[in-house]
Amino acid sequence: MSSSLNFVLESCDVDSEEGVKLRTRIFKPRDEQVSHDGDLVIVLVHPFSLLGGCQALLKGIASELACKSFKAVTFDTRGAGKSTGRATLTGFAEVKDVIAVCRWVSQNLGAHRILLVGSSAGAPIAGSAVEQVEQVVGYVSLGYPFGLMASVLFGRHHKAILSSPKPKLFVMGTQDGFTSVSQLKKKLKSSAGRTETHLLEGVSHFQMEGPEYDSQMADVICNFISSL
């Protein structure tokens, strides 16, 4: 266990399917008495592990959320970081990892409500888990790769999140590179339920993933939670 001024960091392993063990980090507000929405936990899913994505990339956002009095959980999907197993190209086995972590969170952290947040390739993976976890009450995508090239890998995930009636927020830079604003709008036309977008003018995909945007991403996530 380690701590900073405003939050406490714990680590554990969570069992997924096929004997996979997922290295998981829990970011908790230092004073849990003032914790916002005590029964809500934010679970974050990192970018594409085959391109070096791991939970460390989400540490900034998770710690910002904990400093804002929310519990946040990051984890390495199979084959990433210190988790066992093998990463997959299309991310379907990783959906099982998201579900396993959400179940662990609801059983061990008293989470009656979970907000799922996916970054880059983590967005389609998280999106495919939304309807498979009863406790998930909302979904935030940070740079969902809807573009044509990315859809070769992740296109089969689109339907799951677009058909979910749960509230959804899609955050993207207008210079994303993987997805154009027009591609995003076209995709979201078929989206069920409450669907919102938050566009960052002139910001690219990897820029938005960078540490200088962590605080802004945490603010956007908190604003969405307050609207749920």
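Treat the numbers as computed from the prediction; the structure is a model and nothing was measured. For every chain, the first residue of the written sequence is number 1, and numbering continues from 1 onward in sequence order. Restriction of local features to residues with pLDDT of at least 70 applies here, the model being predicted, together with a cutoff of 80 or more for giving and counting side-chain atom pairs; totals for whole chains, interfaces and linings are based on all residues. Water and hydrogen atoms play no part in the side-chain values, which are based on all heavy atoms of the structure.

### What to know about the UniProt feature "domain: KANL3/Tex30 alpha/beta hydrolase-like" (unreviewed entry) in the chain
Thought 1: UniProt positions are given in the numbering used here, feature names are shortened, and annotations may be inferred rather than shown by experiment. As annotated by UniProt and renumbered to match this structure, "domain: KANL3/Tex30 alpha/beta hydrolase-like" (unreviewed entry) occupies residues 100–205.
Thought 2: Each helix corresponds to a stretch of at least 4 residues labelled H or I by DSSP, and each strand to a stretch of at least 2 residues labelled E; elements are numbered beginning at the N terminus. With 36% helix and 30% strand, residues 100–205 has end C-alpha atoms that lie 28 Å from one another.

### Brief notes about the nonpolar core
Thought 1: As used in this record, nonpolar core signifies buried Ala, Val, Leu, Ile, Met, Phe, Trp, Tyr and Cys residues forming a set joined through side-chain atoms within 4.5 Å. Buried residues are those whose accessible area, probed at 1.4 Å on protein chains only, stays under 20% of the maximum for their type, while exposed residues exceed 50% and partly exposed ones sit between those limits. Within the largest apolar cluster, 36 residues are counted, with the highest numbers of intra-cluster contacts made by Val43, Val105 and Leu116.
Thought 2: No other element matches the seven residues that helix H2 (residues 92–108) contributes to this core.
Thought 3: Not counting residues up to four positions away in its chain, the partners in contact with valine 105 are Val41, Val43, Val73, Gly110, Ala111 and Ile114.
Thought 4: Within the second largest apolar cluster, 30 residues are counted, among which are Leu115, Leu142, Tyr213 and Ile225. Should any heavy atoms of two residues lie within 4.5 Å, those residues are counted as being in contact.

### A look at H2
Thought 1: Helix length check: H2, at 17 residues, gives a terminal C-alpha distance of 25 Å against a target of 24 Å (1.5 Å per residue), a fit within 8%.
Thought 2: Within H2, twelve of the 17 residues are buried, leaving the element largely enclosed by the surrounding structure.
Thought 3: Contacts made by the buried residues of H2 are with strand S2 (7–15), strand S3 (21–29), strand S4 (40–45), strand S5 (71–75), strand S6 (113–119) and helix H3 (122–129).
Thought 4: After H2 finishes, the residue glycine 110 shows a positive phi value of roughly 65 degrees. For a helix, the expected span equals 1.5 Å multiplied by the number of residues minus one.

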